[in-house]
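# An overview of the molecular structure
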Amino acid sequence: MRLIADGTTPIARSVLVEDLETDDGYAFELASPLFLTGGDRIGFEGDRLVVVRVGAGRLTLPGGWATR
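Rules behind the numbers
- Throughout this description, residue numbers start from 1 for each chain and increase along the sequence as written.
- Whole-chain, interface and lining totals are the exception, using all residues; otherwise, since this is a predicted model, local features are given only for residues with pLDDT of at least 70 and side-chain atom pairs are given and counted only at 80 or more.
- With hydrogens and water stripped out, all remaining heavy atoms of the structure feed into the side-chain values.
- In this analysis the probe radius is 1.4 Å and the grid spacing 1 Å, with only protein atoms considered; a cavity is a set of points the probe fits into but cannot get out of, a pocket is an open set with protein on both sides within 12 Å along at least five of seven lines, and lining residues have an atom within 4 Å of a point.
- Grid points are joined across faces, edges and corners, and a volume is the space filled by probe spheres set on the points.
- Secondary structure elements are defined from DSSP: runs of H or I of at least 4 residues count as helices, runs of E of at least 2 residues count as strands, and each element is numbered from the N terminus.
- Only buried Ala, Val, Leu, Ile, Met, Phe, Trp, Tyr and Cys residues count toward a nonpolar core, and they belong to the same one when joined by side-chain atoms within 4.5 Å.
- Exposure classes here rest on a 1.4 Å probe applied to the protein chains alone. A residue is buried below 20% of its type maximum, exposed above 50%, and partly exposed in between.
- We call two residues in contact whenever any of their non-hydrogen atoms come within 4.5 Å of each other.

This paragraph deals with the layout of surface pockets. Here the largest pocket defines a volume of roughly 310 Å³. Lining of the largest pocket is provided by 15 residues; of these, Met1, Leu3, Leu20, Glu21 and Thr22 occupy positions nearest its centre. At 5 residues, strand β1 (residues 15–21) tops the list of elements feeding residues into the lining of the largest pocket.

It is worth spelling out the nonpolar core at this point. Counting residues in hydrophobic clusters, the biggest one holds 12 residues: Ile11, Val15, Val17, Leu20, Phe28, Leu30, Leu34, Leu36, Ile42, Leu49, Val51 and Leu61. Breaking this core down by element, the ones donating at least two residues are β1, β2 (26–36) and β4 (48–53). By residue number, the principal contributor to this core is β2, which donates 4 residues. Sequence-distant contacts of Leu34, that is, excluding residues within four places in its chain, are made with Val15, Leu16, Val17, Leu49, Val51, Arg53 and Leu61.

Below you can see the structure in the form of structure tokens.
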């Protein structure tokens, strides 16, 4: 499933993610799997993934960048 990590585009449906791969061959590997629900918005701030949940606040998640 293609996810847009611009911080403003909501996710269309629920999905379990372990990593997020970019079009240019990089991947952000999460420290642990994450269940995203429909309406969540994701984006990056530095080396961390930020998830804004509908009505439930904001999560900052650790992980790391790798090449594929």
